[in-house]
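Architecture at a glance
Read off the chains here:
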Amino acid sequence: HIYLWHHTDKVVISDIDGTITKSDVLGHILPVIGRDWAQSGVAQLFTKINSNSFKIMYLSARAIGQASITKDYIQSVKQGDVYLPDGPIFLNPDSLIHAFRREVIDRNPEEFKIRCLKDIQSLFEEKNPFFAGYGNRPNDAYAYRAVGIPVSRIFTVNPAGELRHELAQNFRTSYSEQESMVDLVFPPVGKDGFDPDFKMQEFSSFGFWKEGFLEITPENLEEFLGKENLNK
């Protein structure tokens, strides 16, 4: 498939293993033998996001050699009468063994993901196409922040299907619950003049008058801790 998108389109990124599937390791294995291992409600939520004129992009640290299996899996996920929306799938160009080691053993897939996302980002002129991101690990959240996705639109899910908002760690929801309020989180692009590039938080009274957080460098922290130890 070739996907022709406009440079003003907004993209929602989703990891695959542990995010669409229920876990990383079994997400590689069970779908191959025909077992349904998808997170409950993920197809309905992503379909509604896509219906609101957001593009869905699938990003995984799986090896490029698994492209056919991964594509078949994404196209096979059906929940009720709804399939996962169509979208490009970006995989790791490393070999199967190296990719599996990076994803499951070393647990540092963000290195590939950040490089991949920055390459895609460069195609959209000076606009950032990435609107939100879904993952299952802090590594995913780190990769999404690295390409400018606001923390308020980064979500991580655990094997139990609990969806956590990176801005409020103690808040728990689910794909199904978020589906019921999808228009609030992903307002239909163009409806009632909604512009995803308009940074509402910067123009609200709170956003305009609030004071920024102090930047703390490792040197500042070491100096502070040294003073604390001397006081003791």
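The structure reproduced in this document is the subject of the present report. What you are looking at is a predicted structure, and each value in this text was computed from that prediction instead of being measured.

**So, the packing of helix H5 (residues 110-121) against helix H6 (residues 138-146)**
Between H5 and H6, the shortest axis-to-axis distance is 9 Å and the interhelical angle comes to 25°. Classed by the angle they form, the pair H5 and H6 counts as roughly parallel. The two elements H5 and H6 meet at a crossing, and its hand is right-handed. Residue-level inspection shows Glu110, Lys113, Ile114, Leu117 and Lys118 of H5 in contact with H6, the latter providing Asn139, Asp140, Tyr142, Ala143, Tyr144 and Ala146.

**Details of the pairing of strand E6 (residues 130-135)**
Walk down a regular strand and you will see the side chains alternate between the two sheet faces. The element E6 is largely enclosed, with a buried count of 6 among its 6 residues. Relative to strand E7 (residues 154-157), E6 is paired through 3 bridges, and the arrangement is parallel. Bridge pairing in E7 places glycine 133 opposite isoleucine 154. Since E6 and E7 lie parallel, the crossover through H6 that links them has a hand, and here it is right-handed.

**Re helix H3 (residues 67-76)**
Those residues of H3 lying buried are Thr70, Tyr73 and Ile74. For H3, the angular spread of the buried residues around the axis is 100°, confining them to a single face. Buried residues along H3 sit in contact with strand E2 (55-63) and strand E5 (89-92).

**Description of the packing of aromatic side chains**
The way to describe two aromatic rings as a pair is by their centre distance and the angle between their planes. Per the stated rule, a full pass over the model turns up 9 aromatic pairs. Geometrically, the ring pair formed by phenylalanine 54 and phenylalanine 131 is tilted, given 4.8 Å between the ring centres and 45° between the ring planes. Residue phenylalanine 54 is located in the loop between helix H2 (42-51) and E2, and its partner phenylalanine 131 is located in strand E6; the two are separated by 77 residues in the primary sequence. The pair formed by phenylalanine 54 and phenylalanine 131 is uniform in burial state, with each residue classed as buried. Ring centres of phenylalanine 54 and phenylalanine 186 lie 5.6 Å apart, and the angle between their planes is 75°; on these two criteria the pair is classed as edge-to-face. Of this pair, phenylalanine 54 sits in the loop between H2 and E2 while phenylalanine 186 sits in the loop between helix H8 (182-185) and helix H9 (200-203), placing them 132 residues apart in sequence. Overall, the relative accessible area of 0% leaves phenylalanine 186 in the buried class. Among the aromatic residues, those joined into a cluster by ring pairs are Phe46, Phe54, Phe131, Tyr134, Phe155, Tyr175 and Phe186. In this structure, arginine 153 packs its charged tip against the face of phenylalanine 131, placed 3.9 Å from the ring centre.

**Some thoughts on unusual backbone geometry**
In this structure, serine 53 is a non-glycine residue whose phi angle is positive, near 75°. Note on placement: serine 53 falls in the loop between H2 and E2. Taking the relative accessible area as the measure of exposure, serine 53 reaches 41% and is therefore partly exposed.

**Topic: the nonpolar core**
Counting residues in each nonpolar core, the largest one holds 25 residues, and the members touching the most others are Ile20, Phe46, Ile49, Leu84, Tyr134 and Phe186. Of all the secondary-structure elements, those providing two or more residues to this core are H2, E2, H3, E6 and E7. Element by element, the count of residues in this core is highest for H2, at 5 residues. Ranked by size, the runner-up nonpolar core spans 16 residues in total, among them Leu59, Leu117, Phe124 and Tyr144.

**Topic: the environment of valine 11**
Looking at the element boundaries, valine 11 is found in strand E1 (residues 11-14). For valine 11, a relative accessible area of 1% translates into the label buried. C-alpha of valine 11 to C-alpha of serine 53: the two residues are 42 residues apart in sequence and 9.3 Å apart in space. When sequence neighbours within four positions are dropped, the list of residues in contact with valine 11 reads Trp5, Lys55, Met57, Pro129, Phe130, Phe131 and Ala132.

What counts and how
- Residues numbered from 1 in each chain as written.
- Predicted model: local features only at pLDDT ≥ 70, side-chain atom pairs only at ≥ 80, totals over all residues.
- Heavy atoms only, no water.
- Axes fitted to C-alpha atoms, helices over the stretch in contact; angles between N-to-C directions.
- Helix = DSSP H or I, 4+ residues; strand = E, 2+ residues; numbered from the N terminus.
- Parallel < 35°, antiparallel > 145°, perpendicular 65-115°, else oblique.
- Left-handed = near helix turned anticlockwise from the far one by under 90°.
- Contact = heavy atoms within 4.5 Å.
- Buried < 20%, exposed > 50% of the residue type's maximum accessible area, 1.4 Å probe, protein only.
- Pairing = 2+ DSSP bridges.
- Right-handed = clockwise from strand over helix to strand, strands pointing away.
- Arc of directions from axis to C-beta.
- Phe/Tyr/Trp six-rings, centres within 6.5 Å; stacked < 30°, edge-to-face > 60°.
- Lys NZ or Arg CZ within 6 Å of the ring centre and 35° of its normal.
- Core = buried A, V, L, I, M, F, W, Y, C linked by side-chain atoms within 4.5 Å.

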